[in-house]
Amino acid sequence: MTIKKLTNNLGWKILSFALACLLWLTVVNIEDPQVTTTIRGITVEKQNESAITSQKQAIQYVAGDTVDIKVKGRRSIVSKLSSSNIKAYVDMRNLSITDAVDIQIDLPNDVELISKSPSSVSVSREKIITKQIEVQYQKSGEAATGFVDLNPTITPNVIELEAAESVIYKIEKVVAAVDVDGISEDFTISVTPQAYDYSGSLVTGVSMSVQQVQVKVPVEKTKILPITFTPADAVPTNYEYLGATLSQTSIAIRGKAELIDPLQELTIDSISLAGMTEKQTVTVNLAKLLPDGVSLNQDSSTLDVEIDIEPIVTQELSFTPSEIGIQNLPANKEALLLSENAVKVKYRGIESKITTLTKESLQPHISVEGLNNGVHAVTIQWKELDGLERV
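Computed from a prediction, not measured in an experiment: that's the story for all the values here.

So, about the overall build of the chain. Regarding its fold elements, the chain presents 8 helices and 27 strands. Rg of the C-alpha trace for the chain: 53 Å, well past the compact-globule value of 21 Å for 391 residues, more than 25% over. Projected onto the principal axes, the alpha-carbon positions of the chain cover approximately 200 × 50 × 40 Å. The buried share of the chain, reckoned over its 391 residues, is 28%. Accessible surface, the chain: about 24,400 Å² in total, of which carbon and sulfur atoms supply 48%. Counting 35 positive and 49 negative side-chain charges, the chain places the averaged centre of each group 18 Å from the other.

Written out as structure tokens, the structure is:
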């Protein structure tokens, strides 16, 4: 009886069920229809790169860093898709002989991938090589006033680079950049070395044997000292030391504060005059005059001392009585030199002054002031000349 009821009007019942399903599908498609959309700029993840790099080969991605896809699905699902929540990847183990690998797209269920562009990632492979290179110091800034920074110690100072052959060959230098602005004491810092090409541009894609190097920058105090000269001994007999001219009158030095603070001047006192008979120039090595631990802080390391020495000579001049002047003679009197013999005088002095000696410069004369009439013995007077001695 029950079976009969179920089968009663079976055709109408099947038709009704089919109509109900069709109505449901119609309602669903109206409320949540199928849509097609394009999603652009999805980053392609590279997986298992070690399958290539383990063979000492570098990978350069020629095309396929991002992918655009066209998908179809329910609007309620597709509308939530974006480049940030869709996974696109390639497995480098599947790299083909044409150096390309298909891009795989992970999509939610019920979302159909219609197309993707590009469809694959293209790569180029290159041999990886190594190179040892010295780390160079690159300074910026200046130490504090009154201090100087010196050449640093870099540890390690030689590192190994590893990169694609074309990258290695364009590297000119590896530098450790340090800012020393304002420092006034020894300075130590850890620095990440950077590789640069011949145009001064940063080179990337380089693996280094160390991530950082240690740079120790020594710092010393600076000071300016006056320079003085004192002869070590006297000149030979019959010669005179007239003085010295220094090619520089001060010296720039550096050192630790406890070493240079007590220094007030630099004295040159090691030059012997014992064998000198004329003007000479002596070159002095300034560095050798400095105490241990103190160094020059200037480009010039030598100084010239020009030592002025002249011979002491004599010169004799002869005057006739008529060349002897008479002074202080009263107007109503006359004076006559009775001596007919020439008067000779001899002077001694350095050669440059003796050569300027003339009769006119001596101005020989006698004074008759206070003398009565008669014959008198008087002393001839001479003009005093600077630097000359009458003998």
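Our next topic: unusual backbone geometry. Excluding glycine, residues mostly have negative phi values, and the peptide bonds linking residues are mostly trans. At the junction of Ser117 and Pro118, the peptide bond is cis and its omega measures out at -5° in the coordinates. Here Pro118 lies in the loop between β7 (112–117) and β8 (120–140). Residue Pro156 follows Thr155 across a cis peptide bond; omega there is -10°. With respect to the helices, strands and loops of the structure, Pro156 is situated in the loop between β10 (153–155) and β11 (158–164). The phi torsion at Asn238 lies on the positive side, around 70°, for a residue other than glycine. Relative to the helices and strands, Asn238 is located in the loop between β17 (219–229) and β18 (239–246). When its relative accessible area of 42% is taken as the criterion, Asn238 is described as partly exposed. Even without glycine at this site, Gln363 takes up a positive phi of about 50°. Relative to the assigned elements, Gln363 resides in the loop between α8 (359–362) and β26 (365–367).

Our next topic: the pattern of salt bridges. When charged atoms on two side chains of opposite charge get close, those side chains can pair. Tallied over the full model, the rule gives 12 salt bridges. Where Lys56 meets Glu162, a salt bridge forms, and the shortest distance between an N and an O atom there is 3.0 Å. Taken together, the residues span a long stretch of sequence, with Lys56 in the loop between α3 (50–53) and β2 (57–63) and Glu162 in strand β11 at a distance of 106 residues. Glu162 gets classed as partly exposed once you look at its relative accessible area, which sits at 27%. Here Glu323 and Lys359 are joined by a salt bridge, their closest N and O atoms 3.4 Å apart. On the criterion of sequence distance, the pair formed by Glu323 in the loop between β23 (302–319) and β24 (325–327) and Lys359 in helix α8 is long-range, its members being 36 residues apart. The exposure class of Lys359 is partly exposed, given its relative accessible area of 31%. The network of salt bridges with common partners includes Lys139, Glu142 and Asp149.

Next up on the list: the environment of Gly200. You can see Gly200 is positioned in the loop between β14 (194–197) and β15 (207–208). When its relative accessible area of 46% is taken as the criterion, Gly200 is described as partly exposed. With 99 residues separating them along the chain, Gly200 and Asp299 place their C-alpha atoms 29 Å apart.

What follows deals with the side chain of Glu310. In this structure, Glu310 sits in strand β23. Lys279 provides the closest opposite charge to the buried, salt-bridge-free Glu310, at an N-O distance of 7.0 Å. Among the polar contacts listed, one links the side chain of Glu310 to the backbone nitrogen of Glu351, at a separation of 3.4 Å. Among all residues touching Glu310, those that are not within four sequence positions of it are Tyr239, Glu240, Leu242, Ile350, Glu351 and Ser352.

This next bit is on the pairing of strand β1 (residues 34–47). Where β1 and strand β3 (residues 66–74) come together, 8 bridges link them in antiparallel fashion. Of the residues in β3, the one forming a bridge with Ile42 is Val67. Both β1 and strand β4 (residues 87–91) contribute to a ladder of 4 bridges, which runs parallel. Looking at β4, one finds that Val44 is bridged to Ala88.

Taken together, Leu336, Leu338 and Val375 make up a surface patch of nonpolar side chains, about 380 Å² in accessible area. Looking at the secondary structure, you find Leu338 in the loop between β24 and β25 (343–350).

Take the pairing of β3 next. Pairing of β3 with β7 involves 5 bridges; the strand directions are antiparallel. Residue pairing in the sheet places Lys70 in a bridge with Ser115 of β7.

Scoring rules and cut-offs
- Counting starts from 1 at the beginning of each chain's written sequence and moves along it residue by residue.
- In view of the model being predicted, local features appear only for residues whose pLDDT reaches at least 70, and side-chain atom pairs are presented and counted only at 80 or more, with totals across whole chains, interfaces and linings using the full set of residues.
- Think of the side-chain values as coming from all heavy atoms in the structure, minus any hydrogens and water.
- We count a stretch as a helix when DSSP gives it H or I for four or more residues in a row; a strand needs E for two or more, and each element gets its number in order from the N terminus.
- We take the radius of gyration over the C-alpha atoms and set the globule estimate at 2.2 Å times the residue count to the 0.38 power.
- Between buried and exposed lies partly exposed: a residue is buried under 20% and exposed over 50% of the maximum accessible area for its type, with that area taken using a 1.4 Å probe on protein chains only.
- To be clear on the numbers: accessible area is Shrake-Rupley with a 1.4 Å probe, and residue cover counts the displayed protein chains and nothing else.
- In summary, the charge assignment counts Lys and Arg as positive and Asp and Glu as negative, without counting His or the chain termini.
- Where a charge sits is defined by one atom per residue type, namely NZ (Lys), CZ (Arg), CG (Asp) or CD (Glu).
- Within this document, salt bridges are pairs made up of a side-chain nitrogen of Lys or Arg and a carboxyl oxygen of Asp or Glu, the two lying within 4 Å of each other.
- In protein, a polar contact requires one atom able to donate a hydrogen and another able to accept it; more generally it is a pair of N or O atoms within 3.5 Å, and residues adjacent in sequence count only if both atoms are side-chain atoms.
- Pairs of residues are marked as contacts when any of their non-hydrogen atoms sit within 4.5 Å.
- Two strands pair if DSSP finds at least two bridges between them.
- By definition, no residue in a patch forms a salt bridge, and every one has over 30% relative accessible area; like charges are joined within 9 Å, nonpolar side chains (Val, Leu, Ile, Met, Phe, Trp, Tyr) within 5 Å.

Don't take any of this as a statement about function, it's just geometry.
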